[in-house]
Amino acid sequence: MKRYFLAIIMLISFSSIAKDLSSFYLESRTRILLAGERHTNDQARDIFSESLEDFKRRGGDTLGLEMVESHKQFLLDNFLQKRENSEYELYEYLRVRWQYNTESYMKLITRARSLDLKLLAIDLDKRKRPAETALYPVPPEISKVRAAREAHMAKVLCQAEFQKIVIIIGSFRALDKFLPTALRKECYAESESINLSKL
């Protein structure tokens with residue numbers, strides 16, 4: 001009986017999250033949407049993944065990925081084209097580089113491919129990151145690495161061709177003072193954010 005009630009509660013919460021994402025896609029007035037996540041929250045990512053069909057129905061055509069460095073865009077292109085070994089190569093890249101739940105991210109990326117969404121790598125090449133501020137822990141407001149990554153992400157997004165993009169990104173980057181500000185500085189682009197962890 002306890003399991004039954006737990007299942008009911010989980011279904012209700014999942015449907016309310018999906019409804020909130022649906023409203024987010026429907027009511028957004030910008031071409032750039034930021035879906036902030038905790039990288040360890042696979043459950044929220046699964047719900048986000050399921051919402052991509054609704055995103056596409058609302059005019060979305062591209063999924064942006066913080067976890068892939070922009071110079072590795074070819075991995076996503078090969079995966080979209082279903083080239084030989086492309087799934088393995090992308091999986092291995094994510095496993096080594098990202099180190100969060102690779103299966104969960106591959107499930108998300110595969111879902112986007114099944115919906116014919118384009119994929120866009122937006123992160124800065126790790127080799128090009130500046131030396132970090134000499135303070136531990138580094139507050140995000142003064143992090144040189146954070147600022148460089150967001151400036152790069154903004155440049156990539158401002159130069160990319162898409163009708164409407166949703167970007168899965170760390171939740172603090174989606175805060176107005178971080179990536180949205182970098183977008184406004186780079187090309188006067190507005191964006192809207194939703195925090196998947198708070199739904």
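Trainee: Could you clarify how one ought to interpret the overall build of the chain in this entry?
Mentor: A tally of helices and strands in the chain yields 7 helices and 5 strands. Walking the chain from its N terminus toward its C terminus, one meets helices and strands in the order α-β-α-β-α-α-α-β-α-β-α-β. Relative to the 2.2 N^0.38 estimate, which gives 16 Å for 199 residues, the radius of gyration of the chain is 17 Å and therefore close to what a compact globule would have. In terms of its C-alpha atoms, the chain occupies a principal-axis envelope of roughly 55 × 40 × 35 Å. Put simply, the chain has 199 residues, and 46% of those count as buried. A separation of at least 24 residues holds for 77% of the contacts in the chain among residues at least 6 apart in sequence. When the accessible surface of the chain is totalled, it reaches about 11,000 Å², and 54% of it is carbon and sulfur.

Trainee: How do you make sense of the state of the cysteines when you look at a structure like this?
Mentor: Every disulfide links exactly two cysteines, by a covalent bond between their sulfur atoms. What the rule picks out here adds up to 1 disulfide. Two residues share a disulfide in this structure: Cys-158 and Cys-187, whose sulfurs sit 1.9 Å from each other. Its S-S torsion of approximately -65° makes the covalent link between Cys-158 and Cys-187 left-handed. In this pair, Cys-158 is assigned in helix H6 (residues 144-159) and Cys-187 in helix H7 (residues 179-187), connecting sequence segments 29 residues apart. Judged by relative accessible area, Cys-158 falls into the partly exposed class, the value being 26%.

Trainee: Just to check I follow, could you spell out the sheet that holds strand E4 (residues 165-170) for this structure?
Mentor: What holds strands together in a sheet is hydrogen bonding between their backbones, with the strands either parallel or antiparallel. The strand order across the open sheet formed by 5 strands is E3-E2-E4-E1-E5, and the pairing between neighbours is parallel. Two strands bound the open sheet, and with one partner strand each, they are strand E3 (118-123) and strand E5 (191-195). Going from strand to strand, the sheet's axes swing by 30° on average, the running direction of each strand aside. Relative to E3, strand E2 (residues 62-69) runs parallel, the two being bridged by 5 bridges. The residue of E3 that forms the bridge with Thr-62 is Lys-118. Sitting on the sheet, helix H2 (residues 42-57) touches strand E1 (32-37), E2 and E4, and the angle it makes with E4 is about 170°. Across the sheet, helix H5 (residues 102-114) is in contact with E1, E2, E3 and E4; its angle to E2 comes to roughly 150°.

Trainee: What should I look at first to understand the nonpolar core in this one?
Mentor: The nonpolar side chains of a soluble globular protein tend to be buried with one another. Grouped together as the largest cluster of nonpolar side chains are 34 residues, with contacts concentrated most on Phe-48, Leu-52, Leu-63, Leu-65, Leu-94 and Val-166. Not counting the four nearest positions on each side in its chain, Leu-52 is found in contact with Leu-63, Leu-108, Arg-111, Ala-112, Leu-115, Leu-117 and Val-166. Residues Leu-34, Val-156, Phe-162 and Ile-169 belong to the second largest nonpolar core, which totals 17 residues.

Trainee: Any chance you could explain the packing of H2 against H5 here in plain terms?
Mentor: Packed helix pairs are specified by the crossing angle of their axes together with the interaxial distance, meaning the distance between the axes. Following both chains from N to C, one finds H2 and H5 inclined at 5°, their axes separated by 9 Å at the closest point. By the angle class used here, H2 and H5 are roughly parallel. Two secondary-structure elements touch here, H2 through Asp-42, Arg-45, Asp-46, Phe-48, Ser-49, Glu-50, Leu-52 and Glu-53 and H5 through Ser-104, Tyr-105, Lys-107, Leu-108, Arg-111 and Ala-112. Taken together, the residues of the contact of H2 with H5 break down into 5 nonpolar, 2 polar and 7 charged.

Quick notes on the rules
Residues numbered from 1 in each chain as written. Predicted model: local features only at pLDDT ≥ 70, side-chain atom pairs only at ≥ 80, totals over all residues. Heavy atoms only, no water. Helix = DSSP H or I, 4+ residues; strand = E, 2+ residues; numbered from the N terminus. Rg over C-alpha atoms; globule rule 2.2 N^0.38 Å. Buried < 20%, exposed > 50% of the residue type's maximum accessible area, 1.4 Å probe, protein only. Contact = heavy atoms within 4.5 Å. Areas by Shrake-Rupley, 256 points an atom, 1.4 Å probe, with all protein chains shown as cover. Disulfide = S-S within 2.5 Å. Pairing = 2+ DSSP bridges. Axes fitted to C-alpha atoms, helices over the stretch in contact; angles between N-to-C directions. Core = buried A, V, L, I, M, F, W, Y, C linked by side-chain atoms within 4.5 Å. Parallel < 35°, antiparallel > 145°, perpendicular 65-115°, else oblique. Nonpolar A, V, L, I, M, F, W, Y, C, P; charged D, E, K, R; others polar.

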